[in-house]
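Descriptive analysis of the structure
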Amino acid sequence: MLGMIQKRQRGAILPLAAIAILAILGMAALALDMSHAHLEKTRLQNSLDAAALSAAKVLDQTGNTQLAETAGRDTFADNAAAPGNEALGSSLLGGALTLTVEFSSTLNPFVPATEPAYYVRIKAQGHAVTNWFAPLFGVDE
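Notes on the structure follow.

The next thing to look at is the pattern of salt bridges. Tallied over the full model, the rule gives four salt bridges. Across the pair Glu102 and Arg121 runs a salt bridge whose closest N-O atoms are separated by 2.8 Å. Separated by 19 residues along the polypeptide, Glu102 in strand β1 (residues 98–104) and Arg121 in strand β2 (residues 119–125) bring together distant segments of the chain. Across the salt bridge formed by Glu102 and Lys123, the nearest N and O atoms sit 3.8 Å from each other. Here Glu102, found in strand β1, pairs with Lys123, found in strand β2; they are 21 residues apart in sequence, far enough to count as distant. Taking the relative accessible area as the measure of exposure, Lys123 reaches 36% and is therefore partly exposed. A single salt-bridge network, built from bridges that share partners, covers Glu102, Arg121 and Lys123.

Here it is as structure tokens:
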């Protein structure tokens, strides 16, 4: 009787191990993809901050919004071309990422296009982060 019970239970661990391995791989994919997305968000935010500071400095020195916008866009492009920012740079060069530079005379509330301009805000849209492992589970972006 004991031999019959052992034969029936033989190999029962295989389905449980397969399910556990899939769950572990799914969690690893989620952890790696989410940390990569967070890193890309940080790189984008750092580039935007540097661009806004550059534009604000030129605006403070010259009072010219066109020169300030050019300085902000140039600084962002320089940061996007820096080593480690390949995804950001290709997104900018490919036209997927668009920058919006706005100027305001008041900070709170920030009212775009008011004169005289004292404050700068730079926004980015369209930067998609590709996943590494999530596409295996049907999630592309």
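With that settled, the discussion passes to helix α4 (residues 86–93). Within α4 the residues assigned to the buried category are Leu88, Gly89 and Ser91. Mapping the buried residues of α4 onto a view down its axis gives an arc of 165 degrees, with all of them on the same face. Relative to its buried face, α4 has exposed residues pointing more than 90 degrees away, namely Glu86 and Leu93. Among the structural elements, α2 (13–62) and α3 (65–80) are those in contact with the buried residues of α4.

All right, on to α3 then. With 16 residues, α3 should cover 22 Å at 1.5 Å per step; its first-to-last C-alpha distance of 22 Å lies within 8% of that length. Every buried residue of α3 is accounted for by Ala68, Ala71, Gly72, Thr75, Phe76 and Ala80. Projected onto a plane normal to the axis of α3, the buried residues spread over an arc of 170 degrees and lie on a single side. The exposed residues of α3 that point more than 90 degrees off its buried face are Gln66 and Asp78. Check the buried side of α3 and you find it contacts α2, α4, β1 and β2. At the N-terminal end of α3, a side-chain oxygen is found 2.9 Å from the backbone nitrogen of Gln66, two or three residues along, and the residue is Asn64.

Cut-off values and rules
Residues numbered from 1 in each chain as written. Predicted model: local features only at pLDDT ≥ 70, side-chain atom pairs only at ≥ 80, totals over all residues. Heavy atoms only, no water. Salt bridge = Lys/Arg side-chain N within 4 Å of Asp/Glu carboxyl O. Helix = DSSP H or I, 4+ residues; strand = E, 2+ residues; numbered from the N terminus. Buried < 20%, exposed > 50% of the residue type's maximum accessible area, 1.4 Å probe, protein only. Arc of directions from axis to C-beta. Contact = heavy atoms within 4.5 Å. Expected span 1.5 Å × (residues − 1). Polar contact = N/O pair within 3.5 Å; in protein donor to acceptor, adjacent residues only side chain to side chain.

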